[in-house]
Amino acid sequence: MALRGVWQLKKLVVSYSDWGGSSKGIRAFMESHLPAFKEANPQLEVDTEMIRGQHPHLKALYKNHNDRVVCVKNMDPEEILLHATRLRNSLGRKVIKLRTRHVTKHPSVQGTWTTALKYQDEQNQVL
Amino acid sequence: MIFRMKDRFGLLTMHTPIRRCLQALNREPQPTLSLFKDPSSLRSFSVAAFSNHNISSPLPIFTNSKPASAFGKWHDPRYFSTSKQDDHTKKADIHEEIEDEDDSDDNYDDEDEEDYEDDDDECVSVSSSKKVYTAEEKEAEATAIGYKVVGPLQKDDQVFKPYEPAFAVVQIGSHQFKVSNGDSIFTERLKFCEVNDKLILNKVLLLGSASQTIIGRPIVPDAAVHAVVEEHALDAKVIIFKKKRRKNYRRTKGHRQELTKLRITDIEGVEKPQIELAEKPSESAKKEQEKVPLSA
């Protein structure tokens, strides 16, 4: 998730509850994998937030002011790490079906082909 | 009662069942390839014959699953050779070996000799999702797909140049793209690279610019296309819905494809028209011409 070398994920908010059973995985994640994740991504701002009475989630804020929320209730710490890595790896693009797999601003180098185009040999003979 | 003349007299031909061939081999240790005239089985046997020196018996190990099923038919005592004692002893041995081969057969494919030898050495069960790759395996697989990881992008690298009028047709996996400087490409998830990694795509099929076109047969050997990994993301969800009407059958499945976005930074191997440099030498040439007549 880096557009021309610039990381796109600005902030990751890890929301959990200290009482609920659905937050068990994320609490374990915060102890085991979160410090390593923070060190591997120094450009990223990681916050932890306690929300009581709600299921845990990961909130990602991107540079294009998009945000993505992933609910991590009842997940293992490894799965939560996978989701966090996925959020870090993606641009803040809206998740819609791709139109083309090749995005370019200069589609033609040698000139766009038309029916009127005639090819010429090196000796300037028309092929 | 042995009805076929060939079975009676121990002649080996194309129609001889494979088990018979095994028995013949047991009796006289010989190179196995010459005995089999069936071309498809020849192919599979050639892979097997040279590897695996662990098993001491002279029997070849079949990569095809056909031999196992062929054995299934021939367990009936009616089909054994003339010497019944021979058969009873051999049957026990071959039974055990079939069972072993059955397990190992499932793991082996005809395709990669490399994988075959690795499985042999490690004896790993098949769970491809958590396979640990060594560095060489990674490189080998990566080059097979068509790219090479160079390393992470450093801060000081000025990789993102302005547009140059040159293009290349590059193949990644099974997809081909016509790329130019500054384009972005979505490919299937490339396994061995992280975000912000530099890659070199080495399967280049065609290079072109305003002045020159180079056609590869099938690839251009000294060409390289540099790219940077921008993103590893999931595509939008597609719902696969199956229904058979009036049959009470309905299935819904969701699928998100894993994609990698690459930004092409440089194309090497073509003549690129250099406009700026062309102007300067012409200016200096003019000055020299002016000086020369003065001195003369």
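Residues numbered from 1 in each chain as written. Chains lettered and ligands numbered in written order. Predicted model: local features only at pLDDT ≥ 70, side-chain atom pairs only at ≥ 80, totals over all residues. Heavy atoms only, no water.

**Student:** Would you explain the nonpolar core in this entry?
**Tutor:** Looking at soluble globular proteins, one finds that nonpolar side chains tend to be buried together. Core analysis: the largest hydrophobic core is formed by 25 residues, its most contacted members being Val179(B), Leu201(B), Leu207(B) and Val225(B). When sequence neighbours within four positions are dropped, the list of residues in contact with Val225(B) reads Ala168(B), Val170(B), Val179(B), Leu199(B), Ile200(B), Leu201(B), Val204(B), Ile264(B), Asp266(B) and Ile267(B). If you look at the next biggest cluster of nonpolar residues, it comprises 20 residues, including Leu9(A), Leu12(A), Ala60(A) and Val70(A). (Core = buried A, V, L, I, M, F, W, Y, C linked by side-chain atoms within 4.5 Å. Buried < 20%, exposed > 50% of the residue type's maximum accessible area, 1.4 Å probe, protein only. Contact = heavy atoms within 4.5 Å.)

**Student:** Quick question: what am I supposed to make of the sheet that holds strand β3 (residues 175-180) of chain B here?
**Tutor:** Adjacent strands of a sheet pair through backbone hydrogen bonds, lying either parallel or antiparallel. All names here are of chain B. Strands sit in the order β3-β2-β6-β7 across an open sheet of four strands; the sheet is antiparallel. A strand with exactly one partner marks an edge of an open sheet, and here the two such strands are β3 and β7 (213-215). Here the average twist between neighbouring strands, direction ignored, is 15 degrees. Inspection of the sheet shows strand β2 (residues 166-172) paired to β3 by six bridges, in the antiparallel sense. Note on β3: the bridge partner recorded for isoleucine 172 is histidine 175. (Pairing = 2+ DSSP bridges. Helix = DSSP H or I, 4+ residues; strand = E, 2+ residues; numbered from the N terminus. Axes fitted to C-alpha atoms, helices over the stretch in contact; angles between N-to-C directions.)

**Student:** Looking at this structure, how should I read unusual backbone geometry?
**Tutor:** Peptide bonds are trans in most cases, and residues, glycine excluded, mostly fall at negative phi. Residues and elements named next belong to chain B. Note that the residue after arginine 217, namely proline 218, is joined by a cis bond; omega there is -15 degrees. One can find proline 218 in the loop between β7 and β8 (224-234). In this structure, arginine 246 takes a positive phi of about 65 degrees despite not being glycine. When you line up the elements, arginine 246 lands in the loop between β9 (238-244) and β10 (249-255).

**Student:** Whenever I open this one, the interface of chain A and chain B confuses me. Can you help?
**Tutor:** Of the residues lining the interface, 27 residues belong to chain A; the matching set on chain B comes to 37 residues. Sorting the residues of chain A by area buried against chain B places Arg4(A), Arg101(A) and Val109(A) first, and these three jointly supply 28% of that buried surface. For the pair chain A and chain B, the number of links is three salt bridges. For Glu258(B), the salt bridge is made with Arg86(A), and the minimal N-O distance between the two is 3.8 Å. Our count for the contact surface shared by chain A and chain B stands at 14 residue pairs in polar contact (both at pLDDT 80 or more). With three residues, helix α3 (residues 77-89) of chain A is the single largest residue contributor to the side of chain A that touches chain B. (Buried area = accessible area lost by both parts, 1.4 Å probe. Salt bridge = Lys/Arg side-chain N within 4 Å of Asp/Glu carboxyl O. Polar contact = N/O pair within 3.5 Å; in protein donor to acceptor, adjacent residues only side chain to side chain.)

**Student:** Please clarify how a nonpolar patch on the surface should be interpreted in this entry.
**Tutor:** A grouping of Trp113(A), Leu117(A), Tyr119(A) and Leu127(A) is seen on the molecular surface, where their side chains present a nonpolar patch of about 500 Å² in accessible area. Here Leu127(A) lies in the segment after β7 (102-103). (Patch = residues over 30% accessible without salt bridge, like charges linked within 9 Å, V, L, I, M, F, W, Y side chains within 5 Å. Areas by Shrake-Rupley, 256 points an atom, 1.4 Å probe, with all protein chains shown as cover.)

**Student:** Explanation requested: the pairing of β9(B) in the structure shown.
**Tutor:** Along a regular strand, successive side chains alternate from one face of the sheet to the other. All names here are of chain B. Judged from the seven bridges that link them, β9 and β10 form a sheet pairing that is antiparallel. If you follow lysine 244 over to β10, its bridge partner there is tyrosine 249. Count of turn residues in the β9/β10 antiparallel hairpin: four residues, of which arginine 246 carries a positive phi of about 65 degrees.

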